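Residue-level listing of the chains:
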Amino acid sequence: MQKDVLVIGGGIAGLQAALELAGAGYPVHLVTDEANLGGKLVDSSESKQSACVWGDQVNISALYLGGNLHASSTVLGSLITRAANNPLVHIYTSAKLVELQGDVGHFQATISDTKAGKLTQKLVVGAVILAAGFSMYDVSQKGELGYGYYKNVVTSLEFEHLLSESRYRSDCIRRPSDGKCAEKIAFIQCVGSRDVVSKGEYCSAICCMFTAKEAILAKEFAPKTDVTVYYLDLRACGKNFDTFLSRAQELGTKYVRTMISEVKEDPVTERLSINYAAASKPVKEEFDLVVLAAGIRPSTRLKETAGILQIPLNEFGFVQADPLDPVITKKPGIFSVGGSQGPLDVPETMALASAAAAATTKALGKGEARPARKPVPERDISKEPVRVGVFLCKGGLAAMGADVNAVIDAAKKQADVTVVECEQAVCQPEAIAKMQKLIATQGLNRIVVAPCVLKHNLNLFQETVQAAGLNRMLVEMAAVPVKAWEGKTDKATSAAMQVTTRAVSDVKTYKPLKWHAEPVVSRALVLGGGVSGMAAALALADRGFGCTIVEKSSELGGYVRDLTGCLETEELKQTIDKMENQVRKNNKIEVLTNSEVVEFSGRQGHFITTVATGQTTQKVEHGIVILATGTTTYVPSEYLYGQDQRVITGVEAMHRLADGRIPAKGEATYVFVQCVGSRNEEHKYCSRTCCGETVFAATKIKEQNPEAKVYVLSRDIRTPGYLELKYREARKAGVVFIHYEETNKPVLVKDSAGNLAMKINDPQSGLELNLKPDQVILAVAQTSTPEAAQIADLFKIQVNDDGFLSETHSSFGTIAFPGGGIFITGAAHGPKSVVECLTQAKGVAGRAARILAQPALMMGGTVAEVDWEKCAACLTCVRTCPYTIPQITREKKEMGAAYISPADCRGCGMCASECPNKAIFVHHYQDDEVLARVKTALTEVG
């Protein structure tokens, strides 16, 4: 069985999958037909392959990152540099797969150079992951919108370039035709999406969010710019997405629901006019710039590559996927992720990539566990004089606008600086190798990298010096704010000099830190027995790891147990029953129902949890925790719910559909009301699954009783991706969809005769509609469980403003917490569909398995230590520590002293800051080190 894996595609999906596999010890061959890594999220020319992703040489485009627009380069840049510098990841740029033979465990792949047009490599791999990305719809095919005829009509990607160019070299956003400031900008959504004519009937899923992102950037850069977005439905249905959308509106972006049929240009002024209807009245507006949100299409080479891989494509040219297991293709050993499957947002893409890596490891069996780098004995520097090596990054200096030579000269003048090098990009493999060589040949024992905004790169440089025999803590990386000194070379140069000087001063005080090995308990604890918990447990059991599921109720299945189907699959109940049967029969999985966690302690690799089942308790030792605690349903007080039995929730409607209580025969009228308890002041987020459940139920009613009248009252119908096709089917079946505004909600009343009447104002026509429903069905919010805050407190993690468990990063770190060894999956993270829960659970299991597969973890480093001679055993640290780590022991002295286990300490420093006797210190933050940093921190920069 060959353990190497071929990953086709260098975008975020391919990078994430490659890094997951390399982290588990599998050699990876990453092939991309582009000149650079990063895919569609990075746009750069072939001449700038070594460009720093921080600078204006590279454009981070169309990317939503959990509300943090300015994290784009940091997070994506981290993926790129980590992959480029991982010895187990072999990268082939400007290359493509031209032939594949064999079967799972032993494929023979032939790679060619796309520029030279010749064969370059023959690889033997055990599995293939297709992460081919996507391309953009050619908007010139929509001639009525003027692209290609009018210079001031641009695509979203082109607007990114305009915005980037303006931010670097101008004080406003300038239109392409004449360079004048664009005072009014219009965005037109769904160009090539949700469109039968262009053969893009599906929703492209990402357009609403990247338009909101561009609107925010435009308003932040030029606040007086008038920005209007013309849209059909706002599909901001991911975690934190609505908050992000609200930000655009708070800044003054106007959203107008309408369909734009054409754009016209005034040949004299080159202004663009848009005509549309509002409340049945014609409206005409003029703009300086029109931005078209182009839809998603398959990548240009996907058809060719799929043919080589012998996997089928769907009607739109994307890879045909199983809705319940989307990473699996029709051919064993070949997996598909990301844009090759169709339109996906960033969080879904990341989760799928992790799931694909997990599926690959399952197919190939246990990896060879090759270390990324061979361990090197650490050099003893205790008797060496301080010798600092300064490694300057030309890309970072160029992005600041600093004079490179001046900064080099200034660095050379610093005391104890032995070597000063300046590379195009210090994070590139060639520069890393040079740094290691100089450490060995020049006897360097402190390293400074400057300037760099990619904070994740600090870990890369720590690994670099460690591989050269230095302690990993003897590195300082000087980070500076992005674009803080635009256009001011003198200030930028001064700032670069000062941050470098700071870093040199700080690093000279650093001391080597020590780590030690602690054994790993190769068992998992899964809290929650719904679909996410069961899927995660089964995936871990498949890898040979024991697992304990703790479920508070008497049965497995969770929230969706009694649902018969959903938009993704009508076999939902069978899926849940099958999973439960597999869990019950698996001898690697222990199931504790009617149980709850009452105590939790320990550290990554060895946690101890006390579980109460009735009156009995038991302790479970495990290496990782997966929180899959699910969601609960909002109980409405609106629309006469609880006062009239004809008003029910969407979940209740699904149950009644299953047992035949609805639909009734004849011309019964059913009215669905969306966003009940969602997207309001109480619950500001979108509950994500409600629209899908409503479309499913409404279509079923029409199928079973074509005479029924079915109305759906909504603010938006959020059916991203291929779910849009189900929305179309519902409309074709006769379901009537009527929009309403949040400020003018439908009103349900009951007259003296007991009849229900629903009034709604249609904002498009301006008419008031009166409906006489026989049944009112409320699509209610999915909320965090009542126990979420208690769970967060028990496991020392956080909840967000909406009450859901808060992860590392809502787009790129959706499945892990910063503490280590604790993972999140499913609706505990936020409302999700069943398919999303299953995918994320498998990705979580793959990530967790990387910990469980290790015999031991290295512990220590930046941890607290007690000077027992100073300790008065006053218990301040015991009361202060949020993780309950310090303990009083008499082993050190008779009166007792505090002891802090280096394996358990999280290094937060709260005990050290509160200790009245200054008996506790944190390694790497001792007094001399902190005072040096304070001194340099008080120095003005710029």
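Here the structure is a predicted model, which is why all the values come from computation and not from measurement.

A.B. asks: Please set out the confidence of the model for the protein chain residue by residue, giving values where relevant.
C.D. replies: Close reading of the predicted structure is inappropriate where its pLDDT is low. Mean pLDDT for the protein chain: 86, with 91% of residues reaching 70 or above. Ignoring residues within four places in sequence, the model shows residues 44-51, a span with pLDDT below 50, making 16 contacts including any to other chains. pLDDT under 50 marks residues 56-71. Its contacts with residues more than four places away, or in other chains, come to 66 contacts.

A.B. asks: Help me get a handle on the state of the cysteines, residues and values and all.
C.D. replies: Per the counting criterion, the structure on display carries one disulfide. Covalent S-S linkage joins C172 and C181, the inter-sulfur distance amounting to 1.9 Å. For the disulfide bridge between C172 and C181, the dihedral angle about the S-S bond is near -75 degrees, and by the sign convention the bridge is left-handed. Accessibility expressed as a relative area gives 33% for C181, which makes it partly exposed. A disulfide-free cysteine, C422 has its sulfur positioned 7.5 Å from the sulfur of C393, the nearest such atom.

A.B. asks: With reference to specific residues and values, describe the packing of helix α9 (residues 404-412) against helix α12 (residues 489-507).
C.D. replies: It is at 9 Å that the axes of α9 and α12 come closest, and there the two elements cross at 30 degrees. Between α9 and α12, the interaxial angle falls into the category roughly parallel. As α9 runs across α12, the sense of the crossing is right-handed. Residues A406, V407, A410 and A411 of α9 touch α12, and the partners they reach there are T493, A496, M497 and T500. Split by residue class, the contact of α9 with α12 holds six nonpolar, two polar and no charged.

A.B. asks: Talk me through the packing of aromatic side chains; I want residue IDs and the actual numbers.
C.D. replies: Under the definition given, this model contains twelve aromatic pairs. Ring geometry for Y231 against Y255: centres 5.9 Å apart, planes inclined by 75 degrees, an arrangement best described as edge-to-face. Remark: Y255 occurs in strand β14 (residues 254-257) and Y231 occurs in strand β13 (residues 226-231); sequence separation between them is 24 residues. Residue classification places Y231 among the buried residues on the basis of a relative accessible area of 7%. Of the residues examined, Y255 reaches a relative accessible area of 17% and is grouped as buried. Through successive ring pairs, a cluster of aromatic residues spans Y202, F316, F318 and Y722.

A.B. asks: For the sheet that holds strand β5 (residues 89-92), give the residues involved together with the corresponding values.
C.D. replies: Sheet architecture is open: five strands sit in the order β5-β2-β1-β9-β20, paired in parallel fashion. Both outer strands of the open sheet, β5 and β20 (334-336), are each paired with one neighbouring strand and no more. Here the average twist between neighbouring strands, direction ignored, is 20 degrees. Looking at chain direction, strand β1 (residues 5-8) and strand β9 (residues 127-130) are connected through four bridges and run parallel. Looking at the pairing, I8 lines up with L130 of β9.

A.B. asks: I'd like to hear about the packing of helix α7 (residues 346-364) against helix α19 (residues 834-852), residue by residue, with values.
C.D. replies: The N-to-C vectors of α7 and α19 enclose an angle of 55 degrees; their axes lie 7 Å apart at closest approach. Taken together, the axes of α7 and α19 are oblique relative to one another. For α7 against α19, the interelement crossing comes out left-handed. Residues E348, A351, L352, S354, A355 and A358 of α7 touch α19, and the partners they reach there are E836, T839, Q840, K842, G843, G846 and R847. Among the residues forming the contact of α7 with α19, the class breakdown is four nonpolar, five polar and four charged.

A.B. asks: Lay out the pattern of salt bridges in plain terms, naming residues and giving numbers.
C.D. replies: A side chain of one charge can pair with a side chain of the opposite charge if their charged atoms are brought near each other. According to the stated counting rule, one finds 42 salt bridges in the structure shown. Linking E590 and R523 is a salt bridge whose minimum nitrogen-to-oxygen distance equals 3.7 Å. Here the residue E590 occupies a position in strand β28 (residues 589-592), and R523 occupies one in strand β26 (residues 523-527), the gap between them amounting to 67 residues. Among the salt bridges present, the one from E742 reaches R715, with a minimum N-O distance of 3.1 Å. You can see E742 sitting in the loop between β37 (736-739) and β38 (747-750) and its partner R715 sitting in the loop between β36 (709-714) and α17 (723-732), a full 27 residues away along the chain. Judged by its relative accessible area of 29%, E742 falls in the partly exposed class. Residues participating in the shared-partner salt-bridge network are R194, D233, R235, D242, R257, R679, D716, R718 and E724.

A.B. asks: Account for the pairing of strand β8 (residues 118-125), with residues named and values stated.
C.D. replies: Consecutive side chains along a regular strand alternate between the two faces of the sheet. Note: strand β7 (residues 106-113) against β8, seven bridges, orientation antiparallel. Counterpart to S112 in the pairing with β8 is L119. Between β7 and β8, which follow one another and run antiparallel, lie four residues, and G117 among them has a positive phi close to 70 degrees.

A.B. asks: How would you explain the environment of R731 if you had to name every residue and give the values?
C.D. replies: As for its placement among the helices and strands, R731 is situated in helix α17. With relative accessibility at 39%, the residue R731 sits in the partly exposed group. When neighbours within four sequence positions are excluded, R731 is seen to be in contact with E724 and F737.

A.B. asks: Report on the sheet that holds strand β24 (residues 475-477), specifying residues and quantitative values.
C.D. replies: As summarised here, the arrangement of the four strands in space is β22-β21-β23-β24, forming an open sheet in which the pairing is parallel. The sheet terminates laterally at β22 (417-423) and β24, the two strands that pair on one side only. Here the strands of the sheet are splayed against their neighbours by 15 degrees on average, with no regard to which way each runs. Here α12 sits on the sheet in contact with β21 (388-393), β22, β23 (446-450) and β24, set at roughly 160 degrees to β23.

A.B. asks: Could you give an account of the nonpolar core, naming the residues involved and the relevant values?
C.D. replies: If you look at the biggest cluster of nonpolar residues, it comprises 47 residues, and the most contacted ones within it are V390, L392, M435, I439, I447, V448 and F461. With seven residues, the single largest contributor to this core is α12.

So, how was this worked out
Residues numbered from 1 in each chain as written. Predicted model: local features only at pLDDT ≥ 70, side-chain atom pairs only at ≥ 80, totals over all residues. Heavy atoms only, no water. pLDDT = per-residue confidence, 0-100. Contact = heavy atoms within 4.5 Å. Disulfide = S-S within 2.5 Å. Buried < 20%, exposed > 50% of the residue type's maximum accessible area, 1.4 Å probe, protein only. Axes fitted to C-alpha atoms, helices over the stretch in contact; angles between N-to-C directions. Helix = DSSP H or I, 4+ residues; strand = E, 2+ residues; numbered from the N terminus. Parallel < 35°, antiparallel > 145°, perpendicular 65-115°, else oblique. Left-handed = near helix turned anticlockwise from the far one by under 90°. Nonpolar A, V, L, I, M, F, W, Y, C, P; charged D, E, K, R; others polar. Phe/Tyr/Trp six-rings, centres within 6.5 Å; stacked < 30°, edge-to-face > 60°. Pairing = 2+ DSSP bridges. Salt bridge = Lys/Arg side-chain N within 4 Å of Asp/Glu carboxyl O. Core = buried A, V, L, I, M, F, W, Y, C linked by side-chain atoms within 4.5 Å.

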